[in-house]
Amino acid sequence: MSKRLRALRRKILTPNVSATELEVRGFHVKSAEAKEQLETIGRTFLQGYGYAVEARSPAEAEEWLEAVDRPFRGFAYEGAGMGAVMLDCLAGSTKRLTGLLAGQGQQHIYMVYVGIGWAMARLPRFLWPDVTRTDPLLRWLILDGYGFHQAYFRTDSYVRDPHREHPFSWAGGPDVYSARAIDQGIGRALWFVGGTDPDTVADLIGAYAEHRHADLYAGAGLAATYAGSVSEDELRVLVQQAGEHHAQLAQGAAFAAEAREMAGLTIPHTHLAARVLCDRTPQQAAALCRDLMPAAGDRDVVAGIPAYETWKQQVAAELAAVSPAEKDANS
């Protein structure tokens, strides 16, 4: 395919960048700086998406992706994950996605898997990728991406009508847990919908049924750490707002630290968020996630509980070993 045709393919398949503007989405604007950060993330996501669908090969896409600025490179790989699936569904193969994960994309596997979920949200079910071929531990991140997409683009249904049910089933695992994985993605999206304002985000979470709050705060903690645009004081407000769900908030932050550490993309904000939310350095938080990660042979569903949820619970329990109140009392 010629360069001109590949560029045309990218233009046809890539969503309009205006869809990432906060005013267009009707999201809260906390400040000009936060607005620019969130919109840059959106633009970078679409840039990575475009690279995946325009490149002649996964190797060329990787070359372009690796040139993206470090703070935002993970979002480009997330977009590339979506773009690779969209392109593969047209070609009737998995060449672009498998190629992406065979190279440097393996260091961004968390983000690429999230991108797969974005693609599923845009594709008819008969074109969904075969998720049974993905890592049984990490495949729940696909639904995290699906949930993020729905809350970001179908905000009226998934955010502004928080009591509405959205039944979901897929080949990746039990339906009961699928809803929880989607909530984790919705919680991550609420960081964007709320414009990185911790009080606004907490109000959004508070509108959902209580049993959903833990997963929503886990997603918010991940986004607050990975996407950022929040001060130390604001992070402390987020901790206070999370209350009894602080352990889940911290678990999400630890997963974000692991994602950045694994990809070599740790930035100053990662250190700040890991310290405030996890009381650890990014390296320590990431090491905790890796140490507790189930081995390759122990990544399936046991008694209806995915190994992914067990992993999350163990990380949260370790981070909650000393509560913020106890730390304050002993300081």
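Model, not experiment: these values are computed from the prediction. (Residues numbered from 1 in each chain as written. Predicted model: local features only at pLDDT ≥ 70, side-chain atom pairs only at ≥ 80, totals over all residues. Heavy atoms only, no water.)

1. Focus on the overall build of the chain
The test is simple: Numbering goes from the N terminus for both helices and strands, where a helix is a DSSP run of H or I of at least four residues and a strand is a run of E of at least two. Only protein chains enter the accessibility calculation, which uses a 1.4 Å probe; a residue is then buried when its area is under 20% of its type maximum, exposed when over 50%, and partly exposed in between. Here a residue-residue contact requires only that any non-hydrogen atoms of the pair lie within 4.5 Å. Only the protein chains shown count as covering a residue, and every accessible area follows the Shrake-Rupley method with a 1.4 Å probe. When charges are counted, Lys and Arg are positive and Asp and Glu negative, with His and the chain ends excluded. Note that the charge is assigned to NZ on lysines, CZ on arginines, CG on aspartates and CD on glutamates.
For the chain, the helix and strand inventory stands at 18 helices and two strands. Residues counted as buried form 55% of the 331 residues belonging to the chain. Relative to all contacts within the chain whose residues are 6 or more apart in sequence, the contacts with residues 24 or more apart total 75%. Carbon and sulfur atoms provide 52% of the accessible area of the chain, an area that totals close to 13,800 Å². Positive and negative side-chain charges of the chain, numbering 33 and 40 respectively, have mean locations separated by a distance of 9 Å.

2. Notes on the pattern of salt bridges
Heads up, the condition is: Salt bridges are defined by distance alone: a side-chain nitrogen of Lys or Arg within 4 Å of a carboxyl oxygen of Asp or Glu.
For the structure on display, the rule yields 18 salt bridges. With its nearest N and O atoms 3.2 Å apart, the salt bridge here joins Lys35 to Glu39. Taken together, the residues Lys35 and Glu39, both in helix α3 (residues 32-54) and four residues apart, mark about one turn of the helix. Judged by relative accessible area, Glu39 falls into the buried class, the value being 7%. Note that Arg290 and Glu258 form a salt bridge whose closest N and O atoms lie 2.9 Å from each other. With Arg290 in helix α16 (residues 282-292) and Glu258 in helix α14 (residues 246-263), the pair connects residues that are 32 residues apart, well separated along the chain.

3. Details of the side chain of Thr196
Considering the arrangement of structural elements, one finds Thr196 in the loop between α10 (175-193) and α11 (198-206). The contact partners of Thr196, leaving out residues within four places of it in the chain, are Lys30, Ala34, Leu38, Trp191, Gly228, Ser229 and Val230.

4. Observations concerning the packing of aromatic side chains
What counts is decided by this rule: Centres within 6.5 Å make a pair out of two Phe, Tyr or Trp rings, where for Trp the six-membered ring is used; the pair is then stacked when the planes are under 30 degrees apart, edge-to-face when over 60, and tilted otherwise.
Counted according to the given criterion, the structure contains 18 aromatic pairs. Ring plane angle 20° and centroid distance 5.8 Å describe the contact between Trp128 and Phe168, whose orientation is recorded as stacked. Placement of the pair is Trp128 in the loop between α7 (109-122) and α8 (140-153) and Phe168 in the loop between α9 (155-158) and α10, with a sequence separation of 40 residues. Of the two residues examined, Trp128 and Phe168, each falls in the buried class. For the ring pair Trp140 and Trp170, a centre distance of 5.5 Å and an interplane angle of 65° mean the geometry is edge-to-face. One end of the pair, Trp140, is in helix α8; the other, Trp170, is in the loop between α9 and α10, and 30 residues separate them in sequence. The burial state of Trp140 is the same as that of Trp170; both residues are buried.

5. Observations concerning the nonpolar core
Note the threshold: Remark: nonpolar core denotes a set of buried residues (Ala, Val, Leu, Ile, Met, Phe, Trp, Tyr, Cys) joined through side-chain atoms within 4.5 Å.
Of all hydrophobic cores here, the largest spans 101 residues; its most connected members are Met120, Trp170, Trp191, Phe192 and Trp311. For Trp170, the residues in contact, after removing those within four places along its chain, are Met120, Arg125, Trp128, Val131, Arg139, Trp140, Ile142, Leu143, Asp175 and Ser178.

6. Brief notes about the environment of Gly185
With respect to the secondary-structure elements, Gly185 resides in helix α10. Measuring from C-alpha to C-alpha, the distance between Gly185 and Ile142 comes to 9.2 Å, with 43 residues separating the pair along the chain.

7. Description of the packing of α11 against helix α13 (residues 232-242)
How we decide: Every axis corresponds to a line fitted to the C-alpha atoms, with the helix fit spanning only the stretch in contact, and the corresponding angles, defined between N-to-C directions, vary from 0 to 180 degrees. Here roughly perpendicular refers to angles of 65 to 115 degrees, roughly parallel to angles under 35, roughly antiparallel to angles over 145, and oblique to all remaining angles. Crossing chirality is assigned from the near helix's rotation relative to the far helix, an anticlockwise turn below a right angle marking it left-handed and a clockwise turn marking it right-handed. Polarity classes work like this: nonpolar for Ala, Val, Leu, Ile, Met, Phe, Trp, Tyr, Cys and Pro, charged for Asp, Glu, Lys and Arg, and polar for all others, with Gly in that last group.
Two elements in contact, α11 and α13, have axes separated by 9 Å at closest approach and are oriented at 20°. By the angle between their axes, α11 is roughly parallel relative to α13. The crossing of α11 and α13 is right-handed. Between α11 and α13, the contacting residues are Pro198, Asp199 and Ala202 on the first element and Glu234, Val237, Leu238 and Gln241 on the second. Of the residues assigned to the contact of α11 with α13, the class counts are four nonpolar, one polar and two charged.

8. What to know about unusual backbone geometry
The phi angle at Thr196 is positive, at roughly 70°, despite the residue not being glycine. Even without being a glycine, Ala303 presents a positive backbone phi close to 55°.

9. Here we look at the side chain of Thr44
Let me state the cut-off plainly: Side-chain atoms alone can form a polar contact between residues adjacent in sequence; in general such a contact is a pair of N or O atoms within 3.5 Å, and within protein one must be able to donate a hydrogen while the other accepts it.
Turning to its location among the elements, Thr44 is positioned in helix α3. There is a polar contact of 2.7 Å between the side chain of Thr44 and the backbone oxygen of Thr40. Not counting residues within four places of it along the chain, the set of residues in contact with Thr44 comprises Val68, Phe72, Phe75 and Ala76.

10. Focus on the packing of α11 against helix α12 (residues 213-226)
The axes of two packed helices give the description: the angle between them and the distance between them. As a packed pair, α11 and α12 sit with axes 10 Å apart at the nearest point and diverge in direction by 150°. Of the possible angle classes, the one that applies to α11 and α12 is roughly antiparallel. Considering how the two elements wind past one another, α11 and α12 form a crossing that is right-handed. Listed contacts from α12 to Val201, Ala202, Ile205 and Gly206 of α11 are His213, Leu216, Tyr217 and Ala220. The residue makeup of the contact of α11 with α12, split by class, is six nonpolar, two polar and no charged.

11. Observations concerning α8
Keep this limit in mind: To estimate how far a helix should extend, the number of its residues minus one is multiplied by 1.5 Å.
With 14 residues, α8 extends 20 Å between its outermost C-alpha atoms, agreeing within 8% with the 20 Å of an ideal straight helix rising 1.5 Å per residue. Burial analysis of α8 places 13 of its 14 residues in the buried class, which makes it a mostly covered element.

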